[in-house]
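Here are the chains, one letter per residue:
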Amino acid sequence: MFEVYDLIKLKNYDEVFVDTLFPELYDEAAELLEKDVKIFLLKNTKLLKRLREENGVEKSDEADAKLLSMIPRDHFKQLTPNELKLLRLVWEYERFIRWKKTVICWMQIYPSDPLKECVIWLQRLIKRHARKIIREVKNDENYAAVYRLACDMLGIRNDSVELAILVVRLPLNRKFSRLCGILGLTPNGGKNYNHKLRGHLSRLAISIYLNKRYGANEELMKDLEGLLLNKAIRRLQLRILKALKKAWQQSAGGSKSNERLVAC
């Protein structure tokens, strides 16, 4: 095993093991998969960090390559073409949202028709990608059952791209306390959490809260009236996370979908 930044330069290899699959490598990973090369992604990158500490080595390509070769095969998740497609769609969706926020900030300083048209164009792309993500999740045997159950538990009748992304990206096989840590929902909070996933959870919670009169589960909305908005949203985020965990546990495909690809 060894680390590379250009996957297509690999020759005569049937299997490739990597610790992280960056978006810049998605095209190359797709090309390898088309050539029937198997790609295995480390499930938990903290394992590599722990091995560095235990072996007293600094982070480097050579050192990490040697440490990767020490990790048993069952700590890696095989990347499928559909999972790579979903990762790419989610990454593009998140990128379009960031661009839209940036352009809106520019419009506040320099109002203009071209910027307004740019926002409209980006919104169309965001909606198009949202539909694609939802469709792929609903048609994927690893995620469909969890997504449907979560929608029922949360009273979501018309689908939610934010929920679909959380089903794909969250490692729901882990303990609830660990999921809280990943999302920054621990009592102490902290900065060392996945801000992208927390953003999806926040948008989902706000959407449910603002539309609570239109079918949201009564138990989900219990005791939120009268709370400050930030406290109500945080409590709702925890309840959504519990519903996701419960949906994963109850789904017939839970045993199949217990290894999430939390890529950058």
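Notes on the structure follow.

The rules behind these values
Residue numbers run consecutively from 1 along every chain, following the written order of its sequence. Only residues with pLDDT of at least 70 get local features here, since the model is predicted, and only at 80 or more are side-chain atom pairs given and counted; chain-wide, interface and lining totals rely on the full set of residues. Side-chain measures were taken over the full set of non-hydrogen atoms in the model, leaving aside hydrogen atoms and water. Only strands that DSSP links by at least two bridges are regarded as paired with each other. Numbering of helices and strands runs from the N terminus, with a helix taken as a DSSP run of H or I at least four residues long and a strand as a DSSP run of E at least two residues long. Interaxial angle, 0 to 180 degrees, is taken between N-to-C directions of lines fitted to C-alpha atoms, where a helix line uses only the stretch in contact. The classification of residues rests on relative accessible area computed with a 1.4 Å probe and restricted to protein chains. Under 20% of the type maximum is buried, over 50% is exposed, and intermediate values are partly exposed. When the near helix sits turned anticlockwise from the far one by under a right angle, the crossing is termed left-handed; a clockwise turn instead gives a right-handed crossing. Contacts are residue-level and defined by heavy atoms, with any inter-residue pair within 4.5 Å sufficient. The nonpolar class holds Ala, Val, Leu, Ile, Met, Phe, Trp, Tyr, Cys and Pro. Asp, Glu, Lys and Arg form the charged class, and all remaining residues, Gly among them, are polar.

Spatially, the three strands line up as an open sheet ordered β1-β2-β3, and their pairing is mixed. Among the strands making up the open sheet, the edge pair consists of β1 (15–18) and β3 (76–78). Each adjacent strand pair in this sheet contributes to an overall mean axis angle of 25°, direction not counted. With three bridges connecting them, strand β2 (residues 38–42) and β3 associate as antiparallel partners. Opposite Leu-42, over in β3, you have Phe-76 as the bridge partner.

Unlike most non-glycine residues, Asp-36 shows phi in positive territory, near 65°. Here Asp-36 is to be found in the loop between α1 (26–34) and β2. By relative accessible area, which is 66% here, Asp-36 ends up exposed.

This brings us to the packing of helix α7 (residues 161–169) against helix α9 (residues 195–210). Packing of α7 against α9 leaves a shortest axis separation of 9 Å and a crossing angle of 145°. Two packed elements cross with a definite hand, and for α7 against α9 that hand is left-handed. On α9, the residues that touch Glu-162, Leu-163, Ile-165, Leu-166 and Arg-169 of α7 are Leu-197, His-200, Leu-201, Arg-203 and Leu-204. Counted by class, the contact of α7 with α9 contains six nonpolar, one polar and three charged residues.

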